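# Geometric and topological summary
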Amino acid sequence: MSTTYSTIFRPMMLTALMAVAIACGNSRETEKADPYFSADDDNGGLNLAPGMKAYVVAENLGRGRHMAVNSNGDIYMNLREPNEKGGIVALRDENGDGRADQIAYFGDFGGTGMAFHNGYLYASNDSTVFRFSFSSGNLVPDNATAPDTIVYGLPQQTAHAAKSLTFDDQGYLYVNVGAPSNACQQEDRVKGSPPMGDPCPLLERTGGVWRFDADKVGQNQLEHGYRYSTGIRNAVALGYNSSDKHVYVVQHGRDLLNSLFPESFDEGDNAEIPAEEMFRLTDGADFGWPYCYFDPQQGKRMMSPEYGGDGTTVGRCEGTEQPVMTFPAHWAPNDIKFYQGEHFPAKYKGSALVAFHGSWNRAPLEQKGYFVAFVPFENGTPTGSYEALAEGFAGVTKIDSPSDAQHRPTGIAEAPDGTILVSDSVTGKVWRIFYDAAS
C-alpha cells in the first residue's frame, strides 16, 4: 500500500498543490491588473479630490463628446465630427488593466449625445437620434452601417447645435434643442439689433428640452415630439436623477452684456454675468430665456436688455422657475451625471458630477472652468457648494484663450464598477477616475 500511495497519490497531491499555487499566482496577477491599483504616476495629468486617482484609458481618438458604457465595460464615445475611420469610437479592455486594448470606429456621423437604454446604444448627430444594437458580445454593433432612426428632423443649426440626450425610467427619451442665438436678436450678437419678437419665435422649435418615446422608431419633432420644458438657451449638460425621478440640465448662459449694451453693463459684468444655472425640469416649466438671465451678484433673475432690462430691473422675470444651483459665468457646462455606484465614498451616491468645458469670453479676465465638479445632493436638492473632483485638464496655469488648453473635459460616464470616465474634446483623451482608500 505504501508503494502504491507513494507512486500514485503523492504525484496527485503535488499536482493539486501546484494548481493551488498557480491559482494564487493568477489571483495576485489579477489583483495587480485591477484598475483600482494602477493609477498613472501623474494621475494622467489631473489634480484630484482626496482619495481619488486616475489613469488614461486611451488618447488621440478624435474630438470627444459624450460617452456611454455597456454592461460589459465597453466604452463608446461620440466624436464631434467623423474622421476617416468613423464618427463613434469603441474601446475594450481585454487584459484587465483598465486601458483600451481594442479600439474600433463605426458610423458615418459625429455628434454629442450618447447613452445606453435597455441594452441599445443611442447616439445623436445635430439633427437625428440613432439606435444601435448588439449581439454575441461584439464590440461594434450589428447594425453599425444602418442604425435605427429614433428621432429625425431636429433643427440643424450653426450655433448650439448639439443634441444631447438622456432617458428616464418611464420609457421616455429627452433631447436638448438649443436656441441658435445668444438672446433672440434679429442679427445675432450685433450691437443695437432689436429682438426677433415677443414672444421669441425661436422657442417654437428650439430653446428647450423635447420628450419622445424611447423605443419608437421614426419619430419627428413636429409630429411626435413634446416640448417638455422651455426657456432654456442651451443645455448640453442633460441627465436623469433616479433618486428624485427628474431630468436636470445645466444651462449655458448668455454672452456679451457689456459688448452689446455698454450703457448698462461694464467689462466686469461681461465676464461675471450671468450665472450658469442648474435646472430641475418639470412638465411645462419655463426658465426664462431669452427674456431673463440670472445675476449671481444680485442673486436673482433680471430682465434681458434686449427686452427692456437695464441690469437693475426684474420685471417680467419675477416668479419664473428658479435654478436649484448656480455656477460662475461662462464656464460652459457640457455634461451632468448623477452617481449611482458603490465604488466612490458614500457622499457621492446620488450626487451630481458636472463637466465644465471652459470659457472663451471672460475677457479682460482669464478664462475659467476646464474641470469636473462634484455637487452634493440629497433627496433631489443640492446640500452644499460644489467641489472639484478633477482639475488640471487644461495643462496650463493660466488660460487666456481656449486654444491654450491642452484638453477640455466634455463628457462623463459611469462604468459598471462605479468608476468614472471623462472625455476630452481637444485630442480625444479618456481618463478613468477611481477611489483608493489607502491613498
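Analysis parameters
Residues numbered from 1 in each chain as written. Predicted model: local features only at pLDDT ≥ 70, side-chain atom pairs only at ≥ 80, totals over all residues. Heavy atoms only, no water. Helix = DSSP H or I, 4+ residues; strand = E, 2+ residues; numbered from the N terminus. Buried < 20%, exposed > 50% of the residue type's maximum accessible area, 1.4 Å probe, protein only. Polar contact = N/O pair within 3.5 Å; in protein donor to acceptor, adjacent residues only side chain to side chain. Pairing = 2+ DSSP bridges. Disulfide = S-S within 2.5 Å.

A separate point is the side chain of S164. Structurally, the position occupied by S164 is in the loop between β10 (148–152) and β11 (165–167). On the basis of relative accessible area, S164 is assigned to the buried category, the value being 0%. A polar side-chain atom of S164 sits 3.1 Å from the main-chain carbonyl oxygen of A235.

The side chains of a regular strand alternate, first on one face of the sheet and then on the other. The buried count for strand β4 (residues 75–79) comes to five of five residues, which makes it a mostly enclosed element. Pairing between strand β3 (residues 64–69) and β4: four bridges, direction antiparallel. In the strand pairing of β4, V69 is matched with I75. Between β3 and β4, which pair antiparallel in sequence order, lie five residues; one of them, G73, sits at a positive phi of approximately 95°. Both β4 and strand β5 (residues 88–92) contribute to a ladder of four bridges, which runs antiparallel. The partner of N78 across the bridge, within β5, is I88.

Another point: the state of the cysteines. One pass over the structure, following the stated rule, counts two disulfides. Two residues share a disulfide in this structure: C184 and C200, whose sulfurs sit 2.1 Å from each other. On the S-S bond that ties C184 to C200, the torsion sits near 100°, and the link is right-handed. Of this pair, C184 sits in the loop between β12 (172–177) and β13 (208–213) while C200 sits in the loop between β12 and β13, and the two are 16 residues apart along the sequence. As far as the burial class goes, C184 and C200 line up, both buried. Disulfide pairing is shown between C292 and C317; the S-S distance is 2.1 Å. Taking the torsion about the sulfur-sulfur bond, which here is approximately -100°, the covalent link between C292 and C317 counts as left-handed. With C292 in strand β20 (residues 292–295) and C317 in the loop between β21 (300–303) and β22 (325–327), this residue pair connects regions lying 25 residues apart in the sequence. Its relative accessible area of 9% is what places C292 among the buried residues.

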